[in-house]
Amino acid sequence: MSTWPTPSPGYSVWCHFPFLPGSAPGPKPRPGLVVGVRVLEDGVALMVAYGTSKRTRAIRSSEFLSAKDLHPVAFKQAGLGYDTKFDLNQVVELPWSDRYFKVPPTPGPTFGQTPKLGSLHASMMKALLAAHAASRK
């Protein structure tokens with residue numbers, strides 16, 4: 001359970017995305033995109049899409065890219081440090097706790113001492129919806 005305010009869908013967060021659903025936190029923190037929130041009896045669980053700054057020139061149909069040069073305003077609002085693609089085929093439910101989520105490193109979190117990085121800009125909705133539709137096929 002966390003004392004941080006719960007992010008809404010559309011927020012980018014700093015998390016230890018697990019290699020397999022239901023497994024231990026991954027070793028390397030990375031950005032994730034909150035795509036759903038579920039209130040449980042013992043806390044909150046977030047549905048988080050996998051984010052990576054690797055291979056951002058090869059985008060699959062279930063992925064969308066937030067890139068500094070392509071979408072400077074959206075990139076800044078997302079709070080990302082590097083061009084990042086999010087994969088809607090890789091979504092896991094994680095407890096909103098410090099086991100999976102961490103405060104991002106300096107130069108300083110936008111939202112104070114929480115794992116929130118930023119939020120998805122409205123201009124990215126078309127790409128998000130296309131990736132979501134492709135992930136459901």
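Placed above this text is the structure.
Residues numbered from 1 in each chain as written. Predicted model: local features only at pLDDT ≥ 70, side-chain atom pairs only at ≥ 80, totals over all residues. Heavy atoms only, no water.

### Section: the sheet that holds strand β4 (residues 63-66)
Taken in spatial order, the six strands of this open sheet run β4-β5-β3-β2-β1-β6, and their pairing is antiparallel. Each having just a single partner strand, β4 and β6 (116-119) make up the two edges of the open sheet. Put simply, the sheet's adjacent strands are angled 45° from each other on average, direction ignored. Alignment of β4 against strand β5 (residues 84-95), held across four bridges, turns out to be antiparallel. Residue pairing in the sheet places F64 in a bridge with F86 of β5. (Pairing = 2+ DSSP bridges. Helix = DSSP H or I, 4+ residues; strand = E, 2+ residues; numbered from the N terminus. Axes fitted to C-alpha atoms, helices over the stretch in contact; angles between N-to-C directions.)

### Examining the nonpolar core
Counting 15 residues, the largest nonpolar core has L33, F64, L80, L88 and L128 as the members making the most contacts within it. Among the elements of the structure, α1 (72-78), β5 and α2 (125-135) are those that each provide at least two residues to this core. Leaving out residues up to four positions away in the same chain, L80 has contacts with P31, S66, F75, F86 and L117. Grouped together as the second largest cluster of nonpolar side chains are 14 residues, W4, L46, Y50 and Y100 included. (Core = buried A, V, L, I, M, F, W, Y, C linked by side-chain atoms within 4.5 Å. Buried < 20%, exposed > 50% of the residue type's maximum accessible area, 1.4 Å probe, protein only. Contact = heavy atoms within 4.5 Å.)

### Considerations on α2
Along α2, the residues classified as buried are L128, A131, A134 and S135. In a view along the axis of α2, the buried residues occupy a sector of 130°, so they form one face of it. Exposed residues pointing more than 90 degrees away from the buried face of α2 are listed as K126 and L129. Here the buried face of α2 lies against β2 (30-40), β4 and β5. (Arc of directions from axis to C-beta.)

### Overview of the pattern of salt bridges
Going through the model one piece at a time under the given rule, you end up with two salt bridges. Between R38 and E93 there is a salt bridge, and its shortest N-O distance comes to 2.8 Å. Note that R38 is positioned in strand β2 and E93 in strand β5, a separation of 55 residues in sequence. In this structure R38 comes out as partly exposed when scored by relative accessible area, which is 43%. The exposure class assigned to E93 is partly exposed, which follows from its relative accessible area of 36%. (Salt bridge = Lys/Arg side-chain N within 4 Å of Asp/Glu carboxyl O.)

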